[in-house]
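The primary structure of each chain is shown beneath.
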Amino acid sequence: MSERDAAEEPAARLVGAFLNQRREQLAQRWADAPLFRTVFTVSRDEAVEAGKAVVDALAVVASSGRPEDVAATGFAAVRDQLGRMAASRARSGFSPAQIADEVATLRVSATELLLAELPEPSDQQGRDAALALTVLMGTLRLVVMETALSAGEELVARQREQLLEVATPVIRLWDGVVAVPLIGTLDSARSQVVMESLLEAIVAQRAQYAILDITGVPTVDSLVAQHLMKTVAAAQLMGAECILSGIRPAIAQTIVHLGIDLGPVTTRAGLADALAYALGRQGIEVSPRTPSVAGRR
């Protein structure tokens, strides 16, 4: 331990004792701060309880003698709460910098209480305690931002999964016939969603035929082709015949140049042709509608 760390520890523990003693007063003041008041809108008591939880966490960290430790276990109990608070402010249109500034303003009321508590706030002990409190509140600010960013990443990941599911719908075209119209670029993550959604639909619909329509897929490379072949193989293992439709001339040339063998796969020019094939395999004949003769004399 360095001499500086040894000098800072008593001041940090003094701050920890102060936080424990003035827990109620500090929580009451923080309950009126924008960060708490605009998040806990049901009642002021709810904001006060939230403030007490944060004060308790800060007291534990300060009492450990390391107020600068972002990973301190004392913050574990309030990380979720801090993350929800930051997320709520973000949804209200506040930027990360503004949220950080709101956390920083909490230090003002805490410092005022601390200096009023000290017999000689201007002496070395008072200055050390004020510095330790400043470091501690700075650490709280970092914890809030770290938690908020982590929560934001999780939200983006969930939204991405939802978009993938929406972008790869499985459509029931007929009894025993389902289709997946693919639009856009296929990557590993989306291909996995396509496979899972298709297999679930095959089971749920008791489908005998599954159509993969790639009319909206701009390009096909070896990786995309492998994904498609894996999906076809998985569907066949589930007892459904897989039909690949919508292969445009440019994609057909690319597949040939890549040397990809689509021999085992049934292919059709378009979705309508694939549906007609599936219906025909079930003994259902599709014929063009005859012109109406209504009105003829």
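As a reminder, the structure under discussion sits directly above these lines.
Residues numbered from 1 in each chain as written. Predicted model: local features only at pLDDT ≥ 70, side-chain atom pairs only at ≥ 80, totals over all residues. Heavy atoms only, no water.

Caption draft 1: Region of interest: the overall build of the chain. Looking only at helices and strands, the chain has 11 helices and 5 strands in total. Within the chain, the proportion of its 297 residues that are buried is 39%. Intrachain contacts of the chain at a sequence separation of at least 6 include 73% that bridge at least 24 residues. Accessible surface computed for the chain: about 16500 Å², of which carbon and sulfur atoms make up 55%. (Helix = DSSP H or I, 4+ residues; strand = E, 2+ residues; numbered from the N terminus. Buried < 20%, exposed > 50% of the residue type's maximum accessible area, 1.4 Å probe, protein only. Contact = heavy atoms within 4.5 Å. Areas by Shrake-Rupley, 256 points an atom, 1.4 Å probe, with all protein chains shown as cover.)

Caption draft 2: How the structure looks around the pairing of strand E2 (residues 177-183). Most of E2 sits inside the fold, with 5 of its 7 residues counted as buried. Pairing of strand E1 (residues 171-174) with E2 involves 3 bridges; the strand directions are antiparallel. Across the sheet, residue tryptophan 174 finds its bridge partner in E2, namely valine 177. The turn linking E1 back onto E2 is made up of 2 residues, and glycine 176 within it adopts a positive phi angle of 85°. Of the pairings in the sheet, the one linking E2 to strand E3 (residues 209-216) comprises 6 bridges and is parallel in character. Paired with proline 181 across the strands is aspartate 213, a residue of E3. Of the crossover connections in this fold, the one passing from E2 over helix H8 (residues 188-205) to the parallel E3 is right-handed. (Pairing = 2+ DSSP bridges. Right-handed = clockwise from strand over helix to strand, strands pointing away.)

Caption draft 3: Highlighting the sheet that holds E2. An order of E1-E2-E3-E4-E5 is seen for the 5 strands of this open sheet, with the pairing classed as mixed. Because the sheet does not close on itself, it has two edges, and the strands there are E1 and strand E5 (266-268). Taken over all neighbouring pairs, the strand axes of this sheet differ in orientation by 30° on average, direction set aside. As defined by bridge partners, E3 adjoins strand E4 (residues 241-245) across 5 bridges and the pair is classed as parallel. Directly across from alanine 210, in E4, lies its bridge partner cysteine 242. Across the sheet, H8 is in contact with E1, E2 and E3; its angle to E2 comes to roughly 165°. (Axes fitted to C-alpha atoms, helices over the stretch in contact; angles between N-to-C directions.)

Caption draft 4: Up close: the packing of aromatic side chains. For the structure on display, the rule yields 2 aromatic pairs. Taking the centre distance of 6.3 Å and the plane angle of 20° together, the rings of tryptophan 30 and phenylalanine 36 count as stacked. Each of the two residues, tryptophan 30 as well as phenylalanine 36, counts as buried. Among the aromatic side chains, those forming a connected cluster through ring pairs are Trp30, Phe36 and Phe40. The cationic tip of arginine 89 hangs over the ring face of phenylalanine 94; the distance from NZ or CZ to the ring centre is 3.9 Å. (Phe/Tyr/Trp six-rings, centres within 6.5 Å; stacked < 30°, edge-to-face > 60°. Lys NZ or Arg CZ within 6 Å of the ring centre and 35° of its normal.)

Caption draft 5: Focus on H8. For H8, spanning 18 residues, the distance from its first C-alpha to its last is 25 Å, which sits close to the expected 26 Å at 1.5 Å a residue. Along H8, the positions that sit buried rather than exposed are Arg190, Ser191, Val193, Val194, Met195, Ser197, Leu198, Leu199, Ala201 and Ile202. Two residues or fewer after H8 comes arginine 206, characterised by a positive phi angle close to 50°. (Expected span 1.5 Å × (residues − 1).)

Caption draft 6: Expanded view of the environment of valine 194. In this structure, valine 194 sits in helix H8. It is 8.8 Å that separates the C-alpha atoms of valine 194 and leucine 182, two residues lying 12 residues apart in sequence. Other than its neighbours up to four places away in sequence, valine 194 contacts Thr168, Val180, Leu182 and Leu212.

Caption draft 7: Region of the structure containing the pattern of salt bridges. Scanning the model with the defined rule gives 11 salt bridges in all. Of the charged contacts, one joins aspartate 56 and arginine 23 as a salt bridge, the two residues approaching to 2.7 Å between their closest N and O atoms. Of this pair, aspartate 56 sits in helix H4 (residues 44-63) while arginine 23 sits in helix H2 (residues 23-30); the two residues are 33 residues apart in sequence, bridging distant segments of the chain. Owing to a relative accessible area of 30%, arginine 23 belongs among the partly exposed residues under this scheme. Across the pair lysine 52 and glutamate 24 runs a salt bridge, and its minimum N-O distance is 2.8 Å. Here the residue lysine 52 occupies a position in helix H4, and glutamate 24 occupies one in helix H2, the gap between them amounting to 28 residues. You can call glutamate 24 partly exposed: its relative accessible area is 35%. Each of Glu24, Glu49 and Lys52 takes part in salt bridges that share partners, so that together they form one network. (Salt bridge = Lys/Arg side-chain N within 4 Å of Asp/Glu carboxyl O.)

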